[in-house]
2 protein chains.
Amino acid sequence: MFTKNIVGGEFSSEGKSTFQSFNPELNRHNAELFFEATSVEAARAAKLAKIGFEKFQKVDHDKRASFLRSIRSEMERDKTIILDAFCAESGLSRERGEKEFTRTVFQLSSFADLVEKNEWIEASIDTSDHPAVPDLRKQLFGIGPVLVFGASNFPLAYSTMGGDSVAALAAGCPVIVKAHPSHAKTSGLVASAVLRAIVKNDMPPEIFSHLYAVDFKVAHQLVQHEAVKAVGFTGSFHGGKALFDLANNRKHPIPVFAEMGSVNPTIVFTENNEDKYDAWAQVLSQSMLTDAGQFCTNPGLIFIQKSSTSKLFIHQLEELFLNEAPKCMLNSSIAETFREKKQKLLAADLGVFKQSTNEVRENYGAQAFLKVDAETFIREEQLREEVFGSFSVLIEFETYLEILSCLEVIEGQLTGSVFVSEEQMKNYRELIQQLTSKVGRVILNGVPTGVRVCPSMNHGGPFPATTDSRFTAVGIDSIYRFARPVSFQNFPDDLLPKALRNKNSFGIARRINGEWTKKDVG
Amino acid sequence: MFTKNIVGGEFSSEGKSTFQSFNPELNRHNAELFFEATSVEAARAAKLAKIGFEKFQKVDHDKRASFLRSIRSEMERDKTIILDAFCAESGLSRERGEKEFTRTVFQLSSFADLVEKNEWIEASIDTSDHPAVPDLRKQLFGIGPVLVFGASNFPLAYSTMGGDSVAALAAGCPVIVKAHPSHAKTSGLVASAVLRAIVKNDMPPEIFSHLYAVDFKVAHQLVQHEAVKAVGFTGSFHGGKALFDLANNRKHPIPVFAEMGSVNPTIVFTENNEDKYDAWAQVLSQSMLTDAGQFCTNPGLIFIQKSSTSKLFIHQLEELFLNEAPKCMLNSSIAETFREKKQKLLAADLGVFKQSTNEVRENYGAQAFLKVDAETFIREEQLREEVFGSFSVLIEFETYLEILSCLEVIEGQLTGSVFVSEEQMKNYRELIQQLTSKVGRVILNGVPTGVRVCPSMNHGGPFPATTDSRFTAVGIDSIYRFARPVSFQNFPDDLLPKALRNKNSFGIARRINGEWTKKDVG
């Protein structure tokens, strides 16, 4: 059944077109034939999501939480087959699959906890002691059906029941997933788990649709559908920007949160830090290599301070980086693009290009870097474009002013990292401030990969890292992308949403007349 | 000096083009000649704002608060001349001016309190007890320079130092105001007060620019300027949508919060409510008439349930509404548009059109309404377009299903109101839910005008009421339009922003490892 689309909680396979996913490791198609969604199915999914939204709004928060936990259990029941599919469709290791699975179910639990607590709705009450002054009470509600795009590089954590979907469901928004065709089976198995959880928890089936499509036609149709009220996307700049533009050109524009990759500037101050070279080269090369560098947090720009010993550091980094065996990439098209982009930079002849000389199998990506000076970096815009895979530009800079000038030309990023000794840090306050103004997360003596899923994580950043720097895509605060406030004026107590009534029956913190408190009103 | 532009804290009048504001009451131009900003001045304002942002970020929150309070004092010093200008430029009454002045300075104080408390930044800390797990700390910062448009209908509360500007400054964002030419003097006097407060509080002068422009050229230039990071606008759909589109078509799109008016559906259940007709007709007609109906919260659509006595209610409302003397409108162009739009609807011959027959002086607006049946309302899209001024469409509906169908065709709104007895309310839960899904504020037995400025107010709503339903334009929560989170990973304590250090020196509520607390870390 996972080869069929899910339309408003029902399996559906009305189209004639099918496709197969691909095993990049074995360089052959996987067995299953998946049904592409038709435009009729897509339209039905949107229409049902609208109905689902009305029903879902009436579901108590604790039931919503149980539903999320139930999705977790259902996924865990199928963990083995999900991970088999994960590996067969992504070329990623079982170990990575385990990690990503753990993260995905952790996200389900975090949002279940969040929703159950009822505090995320930011209940606010302003009472009145004068008949001419109205009583006002406000809380957040789900914004409406959310369209979520499965990401190629996170078949679980950013796909069918990844961060965007779980945030949307937690907020009370139906979800329509446009599954990534590269990992259709992984997605389909997760979708089946969601469906079982819907049935077991008596949720309105209309709140979940899961559509297969190889091209963007169905996706574009959905972004433009009036029933869809927000979009969550993780992927390329090209893809995200196209959705953003479509959504803004609707008769009624809707918010699109698109996370569109980054080159994650990483600055290494080598001077007087020879004792740290080993550790830094180790952690950096690992970050550059993990899972073939297929992360939006891959350190794509590494600025290295020229010092009397910096060649040593570069040599160490080079050795560790280039000697490792190239890894399998997510699919053949990504591997191809990786090759092309490297080739283009090599051809541009902007500096020293080095590439792993180890064996590169079909669909594998040979890690490489390009070493340039700061002047070239500032002049050549193409050096600041993301090359998705194990590729970094190393920029040797001479002076503090030079590194500041380099940062000046960099666009918005998810992260920025600085390697520097504790004693030296104080001298670089200005640099850290400049970095802060460009990125969503500043890291000291650490690498951007290995995103910790916790409330204080900000996974976002100024355009073009994302389409809206005001929100994070990771952690419970990501729920605010899909929620909007409504105020109720002069409502009798029993007609108010429960969280806004005089009695604080949920025992939550509420802002009453400007002060956060857990007390009842009056 | 108030006739000059302010560019980065300095008076400037480089252009040759001047204009005068207009006294609609006296039907003649006011004396002062204002200098239109040149494109060079506008570009300088943007460039300086960028510098101002860097400086302003370093200003402590308590100093930012003192600055806002100082703007209040400086405005209060000039209150008399500001209100003289207010009346001479808007045709609004002194009483209204007093009210709006009070609201404006109240807003300054609320935001000063908010900023001083330091809690709005939502400090969040996740510590680590394992070397492989990073320490993460997050808080909100200002998004960057904000471009604010003065609104025609709120010369104080939504203009130079109105809601948008004060929210932006509170968040740490420099402000560039594009003053509304209709009330240039009012704006200029307030801008001068801001300038004095900047000097007295030793604020970076670059954080404030105040530009005069009659057409949208300079405004469009600024929306597209790379230094501008967000836009606040209150005005027409046409104007707001144009800015929204421009901002989204930048190389680096920026968020635009445009509040673009509403028709504010108001539903009156007449059945068995004869005892309430007097009061309801009174409050409704007042809401329709106040300040010539020039509010985004004007009740433009009034749905009246047909009952055995509903004619009585309509008659009462009609009498109260039509008999009052027409009022002066904000400027001659608004008065002219009002006349035209009424004329167009009258010509369309869709129902019973009634207009005040009292004397209508130049620039005054004769209040009017158009009475139609539900079917006509559903069929005719033009009936749902805002007519800015004292004009409402009265729609008589027969059944519950009919009013639900009417609501179905209505677009996003700032507010929706229901007049109904307490006992009857329970029968209309579905209607209230439907209304909730379309609006930012639901009101029972009250009118949409008279927006209470308090934390629980939501002044916003789904498109086209605003360009982003996730934010309010009124109340302290409006600060979140202009703020973005940044996470700090593995920072030594003394390099962290103060609010994120182990010691909770501000004594604020912080989310530590997922729990809100006022404790120190560790």
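This one's a predicted model, so the numbers in the text were calculated from it and none came from an experiment. (Residues numbered from 1 in each chain as written. Chains lettered and ligands numbered in written order. Predicted model: local features only at pLDDT ≥ 70, side-chain atom pairs only at ≥ 80, totals over all residues. Heavy atoms only, no water.)

**Q** What is the right way to look at the overall build of chain A in this model?
**A** If you tally the helices and strands in chain A, you get 15 helices and 25 strands. The C-alpha radius of gyration computed for chain A amounts to 24 Å, which stays within 12% of the reference 24 Å derived for 522 residues, consistent with globular compactness. Sorting the 522 residues of chain A into buried and exposed places 65% on the buried side. Of the roughly 18,700 Å² that chain A leaves accessible, carbon and sulfur atoms contribute 52%. In chain A, the 58 positive side-chain charges and the 64 negative ones have mean positions that sit 6 Å from each other. (Helix = DSSP H or I, 4+ residues; strand = E, 2+ residues; numbered from the N terminus. Rg over C-alpha atoms; globule rule 2.2 N^0.38 Å. Buried < 20%, exposed > 50% of the residue type's maximum accessible area, 1.4 Å probe, protein only. Areas by Shrake-Rupley, 256 points an atom, 1.4 Å probe, with all protein chains shown as cover. Lys, Arg positive; Asp, Glu negative; His and termini not counted. Charge placed at Lys NZ, Arg CZ, Asp CG, Glu CD.)

**Q** Just checking my understanding: could you explain the sheet that holds strand 23 (residues 483-489) of chain B for this structure?
**A** Remark on secondary structure: sheet strands pair via backbone hydrogen bonds, oriented parallel or antiparallel. Reading across the sheet, the 12 strands line up as 17(A)-19(A)-20(A)-15(A)-14(A)-21(A)-22(A)-23(B)-8(B)-7(B)-24(B)-25(B) and stay open at both edges, with mixed pairing between neighbours. The open sheet has two edge strands, strand 17 (352-355) of chain A together with strand 25 (515-517) of chain B, and neither has a second partner. Each adjacent strand pair in this sheet contributes to an overall mean axis angle of 20°, direction not counted. This element, helix 15 (residues 429-436) of chain A, spans strand 14 (265-268), strand 21 (413-419) and strand 22 (439-444) of chain A together with strand 23 of chain B of the sheet and lies at about 145° to strand 22 of chain A. (Pairing = 2+ DSSP bridges. Axes fitted to C-alpha atoms, helices over the stretch in contact; angles between N-to-C directions. Contact = heavy atoms within 4.5 Å.)

**Q** Is there a simple way to think about the sheet that holds strand 7 (residues 124-126) of chain A in this case?
**A** The 12 strands lie next to each other as 25(A)-24(A)-7(A)-8(A)-23(A)-22(B)-21(B)-14(B)-15(B)-20(B)-19(B)-17(B), forming an open sheet whose pairing is mixed. Two strands in the sheet have a free side with no partner beyond their single neighbour: strand 25 (515-517) of chain A together with strand 17 (352-355) of chain B. For this sheet, the mean angle separating the axes of adjacent strands, direction not counted, is 20°. Where strand 21 (residues 413-419) of chain B and strand 22 (residues 439-444) of chain B come together, five bridges link them in parallel fashion. Following the sheet pairing, Thr415(B) is matched in strand 22 of chain B by Arg441(B).

**Q** Please clarify how the pattern of salt bridges should be interpreted in this entry.
**A** Opposite charge on two side chains allows them to pair when their charged atoms are near. In the structure shown here, the tally under the stated rule is 70 salt bridges over all chains. For Glu98(A), the salt bridge identified is with Lys79(A), shortest N-O distance 2.9 Å. Highlighted residues: Glu98(A) in helix 4 (residues 94-117) and Lys79(A) in helix 3 (residues 79-90), separated in sequence by 19 residues. Here Asp113(B) ties to Arg69(B) by a salt bridge, and the two come within 2.8 Å at their closest N and O atoms. Here Arg69(B) lies in helix 2 (residues 61-77) and Asp113(B) lies in helix 4 (residues 94-117), a separation of 44 residues in the sequence. Judged by relative accessible area, Asp113(B) falls into the partly exposed class, the value being 41%. Accessibility expressed as a relative area gives 27% for Arg69(B), which makes it partly exposed. (Salt bridge = Lys/Arg side-chain N within 4 Å of Asp/Glu carboxyl O.)

**Q** Quick question: what am I supposed to make of helix 1 (residues 39-57) of chain A here?
**A** Along an α-helix, residues three or four positions apart point the same way, because every turn accommodates 3.6 residues. End to end, helix 1 of chain A covers 27 Å across 19 residues, agreeing with the expected 27 Å (1.5 Å per residue, within 8%). Every buried residue of helix 1 of chain A is accounted for by Glu41(A), Ala42(A), Ala45(A), Ala46(A), Ala49(A), Gly52(A), Phe53(A) and Phe56(A). (Expected span 1.5 Å × (residues − 1).)

**Q** What is the right way to look at the interface of chain A and chain B in this model?
**A** The parts lose accessible area when they come together, and the size of an interface is often stated as this lost area. Counting residues at the interface gives 78 residues for chain A and 78 residues for chain B. Summing both partners gives a buried area of about 6,200 Å² for chain A against chain B, and 50% of it is carried by carbon and sulfur. Of all residues in chain A, Arg452(A), Ser456(A) and Arg470(A) bury the most surface against chain B, accounting for 12% of the area lost on that side. In this structure, the connection of chain A to chain B is made through 16 salt bridges. The interface formed by chain A and chain B holds 51 residue pairs in polar contact (both at pLDDT 80 or more) in total. (Buried area = accessible area lost by both parts, 1.4 Å probe. Polar contact = N/O pair within 3.5 Å; in protein donor to acceptor, adjacent residues only side chain to side chain.)

**Q** I would appreciate a short explanation of the relation of the copies chain A and chain B in the present structure.
**A** Both copies of the chain are placed relative to one another by a rotation about an axis and a shift along it. Each copy of the sequence occupies a distinct position, and chain A is placed on chain B by a rotation of 180° and an axial shift of 0.0 Å, giving an RMSD of 0.0 Å. Such a turn and shift between the copies fits a two-fold axis. No C-alpha of chain A approaches the rotation axis more nearly than that of Asn248(A), which lies at 3.7 Å. Mapped onto chain B, 100% of the interface residues of chain A again fall at the interface, so both copies present the same surface. (Least-squares fit on C-alpha atoms with pLDDT ≥ 70 in both.)

**Q** Please explain helix 8 (residues 237-248) of chain B as it appears in this structure.
**A** Helix length check: helix 8 of chain B, at 12 residues, gives a terminal C-alpha distance of 16 Å against a target of 16 Å (1.5 Å per residue), a fit within 8%. Here helix 8 of chain B has its buried residues at Gly239(B), Gly240(B), Lys241(B), Leu243(B), Phe244(B), Leu246(B), Ala247(B) and Asn248(B). Of the surrounding secondary structure, the elements contacted by the buried residues of helix 8 of chain B are helix 8 (237-248) of chain A together with strand 9 (146-149), helix 7 (217-223), strand 12 (230-234) and strand 13 (256-259) of chain B.

**Q** What is the right way to look at unusual backbone geometry in this model?
**A** With an omega of 5°, the peptide bond between Phe463(A) and Pro464(A) qualifies as cis. The residue Pro464(A) is located in the loop between strand 22 and strand 23 (483-489) in this model. Despite not being glycine, Asp349(B) shows a phi value in the positive range, around 55°. Along the chain, Asp349(B) falls in the loop between helix 11 (332-348) and strand 17. Since its relative accessible area comes to 62%, Asp349(B) is described here as exposed.

**Q** Before we go on, may I ask you to explain the pairing of strand 21 of chain B in this structure?
**A** Remember that side chains alternate between the two faces of the sheet whenever the strand is regular. Residue and element names in this part refer to chain B. Counting buried positions over the seven residues of strand 21 gives seven, a clear majority of the element. The pairing of strand 14 (residues 265-268) with strand 21 spans three bridges and is classified as parallel. If you follow Val268 over to strand 21, its bridge partner there is Phe419.

**Q** Where do I start with the environment of Phe295(A) in this structure?
**A** All names here are of chain A. By the secondary structure assignment, Phe295 is in the loop between helix 9 (277-289) and strand 15 (301-305). Linking Phe295 and Pro448, residues 153 residues apart in sequence, is a C-alpha distance of 9.5 Å. Setting aside residues no more than four positions away along its own chain, Phe295 makes contact with Arg96, Asn153, Phe154, Thr290, Glu386, Phe388 and Thr449.

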